[in-house]
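Examination of the molecular architecture
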Protein chains: 2
Amino acid sequence: MNRTTQTKRTTIYDLAELAGTSASAVSAVLNGNWKKRRISAKLAEKITKLAEEQGYALNMQASVLRRDRSKIIGMIVPKYDNRYFGSIVEQFEALARERGLFPIITCTMRDPALELEAARAMLSYQVDCLIATGATDPDRVMELCAAAGVRTINLDLPGARAPSVISDNYGGALELTRRVLANCEKEYGEKTPLLFVGGRGTDHNTMERVRGFRDAHAEAGVAVDDTLVQTVGYAPEKAESAMRQLAERMSPLPRGMFVNSTISLEGVMRWIRRSGHYADRVPQLGCFDWDPFVAMLGDHIEMVRQDVPKMLEAVFGIIDSGDTELTVVQIPPIVEKMG
Amino acid sequence: MNRTTQTKRTTIYDLAELAGTSASAVSAVLNGNWKKRRISAKLAEKITKLAEEQGYALNMQASVLRRDRSKIIGMIVPKYDNRYFGSIVEQFEALARERGLFPIITCTMRDPALELEAARAMLSYQVDCLIATGATDPDRVMELCAAAGVRTINLDLPGARAPSVISDNYGGALELTRRVLANCEKEYGEKTPLLFVGGRGTDHNTMERVRGFRDAHAEAGVAVDDTLVQTVGYAPEKAESAMRQLAERMSPLPRGMFVNSTISLEGVMRWIRRSGHYADRVPQLGCFDWDPFVAMLGDHIEMVRQDVPKMLEAVFGIIDSGDTELTVVQIPPIVEKMG
DNA sequence: CATGCTTGCTCAATCGATGAAGCAAGAATT
DNA sequence: AATTCTTGCTTCATCGATTGAGCAAGCATG
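Residues numbered from 1 in each chain as written. Chains lettered and ligands numbered in written order. Predicted model: local features only at pLDDT ≥ 70, side-chain atom pairs only at ≥ 80, totals over all residues. Heavy atoms only, no water.

1. Examining the packing of aromatic side chains
- Using the criterion set out here, one finds 17 aromatic pairs over all chains in the structure.
- Between Phe196(B) and Phe213(B), the aromatic rings sit 5.3 Å apart at their centres with planes inclined by 80°, giving edge-to-face as the arrangement. Within this pair, whereas Phe196(B) is found in strand S6 (residues 195-197), its partner Phe213(B) is found in helix H9 (residues 204-219), the two being separated by 17 residues in sequence.
- Under the relative-accessibility criterion, Phe196(B) is labelled buried at 0%.
- Taken together through their ring pairs, the aromatic side chains of Phe196(A), Phe213(A), Phe258(A) and Phe288(A) make up a single cluster.
- Sitting above the plane of the Phe288(A) ring, Arg209(A) keeps its charged end 3.8 Å from the centroid.
- Between Arg305(B) and the ring centre of Trp290(B), over which it is positioned, the NZ or CZ distance is 3.5 Å. (Phe/Tyr/Trp six-rings, centres within 6.5 Å; stacked < 30°, edge-to-face > 60°. Helix = DSSP H or I, 4+ residues; strand = E, 2+ residues; numbered from the N terminus. Buried < 20%, exposed > 50% of the residue type's maximum accessible area, 1.4 Å probe, protein only. Lys NZ or Arg CZ within 6 Å of the ring centre and 35° of its normal.)

2. Topic: the UniProt feature "domain: HTH lacI-type" (unreviewed entry) in chain A
- Feature annotation in UniProt assigns "domain: HTH lacI-type" (unreviewed entry) to the following positions: residues 10-67 of chain A.
- Between the end C-alpha atoms of residues 10-67 of chain A the distance is 20 Å, and the span holds 64% helix and 0% strand. (UniProt positions renumbered as here; feature names shortened; annotations may be inferred.)

3. Regarding the interface of chain A and chain B
- Between chain A and chain B, the residue contacts involve 54 residues of the former and 54 residues of the latter.
- Regarding the contact of chain A and chain B, the summed buried area is about 5000 Å², with carbon and sulfur atoms giving 56% of it.
- One can count 4 salt bridges joining chain A with chain B.
- Its salt-bridge partner being Arg83(B), residue Glu266(A) comes within 2.7 Å of it at the nearest N-O pair.
- Applying the counting rule to chain A against chain B returns 24 residue pairs in polar contact (both at pLDDT 80 or more).
- Where the side of chain A that touches chain B is concerned, the elements lending two or more residues are helix H4 (60-66), helix H5 (83-98), strand S2 (102-107), helix H6 (112-124), helix H7 (138-147), helix H11 (262-275) and helix H12 (292-295) of chain A.
- The element contributing the most residues to the side of chain A that touches chain B is H11(A), with 7 residues. (Contact = heavy atoms within 4.5 Å. Buried area = accessible area lost by both parts, 1.4 Å probe. Salt bridge = Lys/Arg side-chain N within 4 Å of Asp/Glu carboxyl O. Polar contact = N/O pair within 3.5 Å; in protein donor to acceptor, adjacent residues only side chain to side chain.)

4. Considerations on unusual backbone geometry
Residue and element names in this part refer to chain A.
- Between serine 251 and proline 252 the backbone carries a cis peptide bond, its omega angle lying at 0°.
- Summarising the element assignment, proline 252 is placed in the loop between helix H10 (236-249) and strand S10 (256-259).
- We note that aspartate 156 has phi near 75°; this positive angle belongs to a residue other than glycine.
- Here aspartate 156 shows up in the loop between strand S4 (151-155) and strand S5 (164-167).

5. Observations regarding the pairing of S10(A)
All names here are of chain A.
- Neither face of S10 is exposed, since Gly256 and Phe258 on one face and Met257 and Val259 on the opposite face are all buried.
- Across 3 bridges, the pairing between strand S6 (residues 195-197) and S10 is parallel. Its bridge partner lying in S10, leucine 195 is registered against methionine 257.
- Pairing analysis gives 4 bridges linking S10 to strand S11 (residues 284-288), with the strands arranged parallel. Note that in S11 the partner of methionine 257 across the bridge is leucine 285. (Pairing = 2+ DSSP bridges.)

6. Here's the deal with the pattern of salt bridges
Residues and elements named next belong to chain A.
- Taken as a whole and assessed by the stated rule, the structure comprises 44 salt bridges over all chains.
- A salt bridge links arginine 97 to glutamate 93; the shortest N-O distance between them is 2.9 Å. Linking arginine 97 with glutamate 93, this pair stays in helix H5, spanning 4 residues, or about one helical turn.
- Three or more residues are tied together by salt bridges with common partners; here these are Glu175, Arg178, Arg179, Glu219 and Glu302.

7. A look at the nonpolar core
- Formed by 85 residues in total, the largest nonpolar core has its most connected members in Met257(A) and Met257(B).
- Counting residues per element, this core draws most heavily on helix H8 (residues 169-188) of chain A, which supplies 7 residues.
- Non-local contacts of Met257(A), meaning those with residues more than four positions away in its chain, are made with Val180(A), Leu194(A), Leu195(A), Val197(A), Met243(A), Val268(A), Ile272(A), Tyr278(A), Pro283(A), Gln284(A), Leu285(A) and Gly286(A).
- Membership of the second largest hydrophobic core comes to 56 residues, among which are Ile88(A), Leu101(A), Met311(A) and Ile153(B). (Core = buried A, V, L, I, M, F, W, Y, C linked by side-chain atoms within 4.5 Å.)

8. Some details on the protein's contact with DNA strand C
- Among the 26 residues in the neighbourhood of DNA strand C, the closest are listed as Ser22(A), Ser40(A), Arg66(A), Ile12(B) and Tyr56(B).
- Ile12(B) places a main-chain nitrogen or oxygen 2.6 Å from a phosphate oxygen of DNA strand C.
- Side-chain polar atom of Ser27(B) to a phosphate oxygen of DNA strand C: 2.7 Å apart, as the coordinates give it.
- For the surface near DNA strand C, the secondary-structure elements that each account for two or more residues are helix H2 (23-30) and H4 of chain A together with helix H1 (12-19), helix H2 (23-30) and helix H4 (60-66) of chain B.
- Taken together, the residues of the surface near DNA strand C sort by class into 10 nonpolar, 11 polar and 5 charged. (Near = heavy atom within 4 Å. Nonpolar A, V, L, I, M, F, W, Y, C, P; charged D, E, K, R; others polar.)

9. A word on the protein's contact with DNA strand D
- Not every one of the 26 residues close to DNA strand D is listed here, only the nearest: Ile12(A), Tyr56(A), Arg38(B), Ser40(B) and Arg66(B).
- Within 4 Å of the protein, the contacting atoms of DNA strand D are drawn from sugar and phosphate to the extent of 48%.
- In this structure, a phosphate oxygen belonging to DNA strand D sits 2.7 Å away from a side-chain N or O atom of Ser22(B).
- A distance of 3.2 Å separates a base oxygen of DNA strand D from a polar atom in the side chain of Ser24(B).
- Of all the secondary structure elements, the ones that give two or more residues to the surface near DNA strand D are helix H1 (12-19), H2 and H4 of chain A together with H2 and H4 of chain B.
- Among the elements that line the surface near DNA strand D, the one with the most residues is H4(A), at 4 residues.
- Residues belonging to the surface near DNA strand D are distributed by class as follows: 10 nonpolar, 11 polar and 5 charged.

10. Let's talk about the side chain of Asn260(A)
Residue and element names in this part refer to chain A.
- Structurally, the position occupied by asparagine 260 is in the loop between S10 and H11.
- A relative accessible area of 0% places asparagine 260 in the buried class.
- A polar contact of 3.1 Å, which involves the side chain of asparagine 260, links it to the side chain of threonine 206.
- If we skip the residues at most four places from it in the chain, asparagine 260 touches Phe196, Val197, Gly198, Gly199, Thr206, Arg209, Tyr234 and Phe288.

Written out as structure tokens, the structure reads:
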């Protein structure tokens, strides 16, 4: 049968027959430990050449089944619609590959049920390790994995039962709020409280950012009413409708805002443009997360950029060291200069 | 040993022993064809309950090894740093999961070598089908896959040897150019040629877009000099330096531009802001690709949004039908209204 | 010349799931 | 009573790679 139209793939048994040797020798040569198995260089070369000629490709399913470690590393991630998660995934793939690990990623659309289903699927594929990024219920994921003897690391959002790598949300929010407050004062000559929009009131990051937001206000001697904290979810639509409702109940609207993610900012900006509420004077904005085009939107926006390279180095640092301590590593985000 | 601290995973043999039955029966029950195998409902229920209790998870490596089809579907994708590829990946995952397929995705960073390496890795994992998205050398990928009897579908960029689903690049570019030309005329009262920036001069999409760009100019009776077509690559830095160099050689600069992707636009916008060249009057822009924040950048930007949902429906349509015809399906992109 | 060591391999069990083939017990048919 | 059919399982080979154990030939040592 012609090699290019074959339907059966070449296996080590095929190569063994062609080389007039055993499958065992072929396996040893192709997975690199032929020296340890005392295969002669001559035979090794012959087999290698044959494998190349025949377009042999290892069957990972068979290989993983036999080995104790799969060298597959999984990640679940909420969405691919923003630069933050996009760069997390890019970095993750690069660092995994560097270590000879095969990365598989699943996007959960922020759906807790999908999160667990995805984790289960990854366990079925025998991942050695699972990174839960921005998981709504990291501890539940961790539990599933623990039952299968698979380690977990939380990224972006911390969990109580596995090592976590997150941004210094409090610190970033504190600094961001300070800057926006300062911009407001410069622009309007008075100290007024900002509005906090976006994020889930129940997630750790949002709570920490709200804490930073409040503390920066306290520092400046500005009181923050509870209605000014609108943790209505991340989706643009939710931020948009929160703004709409707020505008009905409050006048004048706050001079500035702390928007919790670019994705919420999308909704806020849409509302600002459509409603015309800030037509006379643009609000001073702060956004927790970075996007190149947001940075170009004007000189009234400050941004915090989470330090994705450092975060992923920390994650792989934990993986490499085999650490299982329940540490929470906090990586300082970068507060971008305006303009 | 306690179930929660175990290191060995539960297998069908463990369940068989606990249920006092055979592994074969357990397998039949758990993969759903116990009716066909004439297992009694009573035993089925018992096994199902046991599996649940023991937190049994199928070992996919073993299962795939035995079956003829893996139900794994692969995709290679250039980058995750823009909305277009982000939504492609999100849609891909969703549609794959809908069909009971397990999606694995690899990002190639636009590196041709990584592209092939990634394809090889996916073949090792026995993918049933591989989607090559925006591949620099789709035919080489296709060749690799064909040798393993795996079907390929090209997405975004067409290949000569596998079915392809792409945008109607010519039509989109034609309409986009028309609009930007019209905006320029409205704004400046005269018909002048636009600048085309970004993309690779060798890739099909860019060539088609340039063709649309030229034809729209011809329609309007405007001549396009070759120096006005700067297909210098997609990266922001490349677009930026192309602008810098152009500004040294050309004065006045074009009134408007056709920017070939948001990622190139990032560089163009950066240059515009830094150089101050368009400080007096902003250029009229057209961008082939959509981004929510770009849409907010001002009323001088027109955008073409590729119809990702339709494109992926087309891809899965081909997969579902088992088609192998060398068709190129062209999906019309959506030309967004300004503002 | 017997013994032990080294070199260069092969054999066969194994990983976990799958499914064709087969078998035993009871029910239905002739 | 003998036969066929049906039900409800079990047995066992198989997928492809891995690896501990073992074996034969060649060489060195006492």
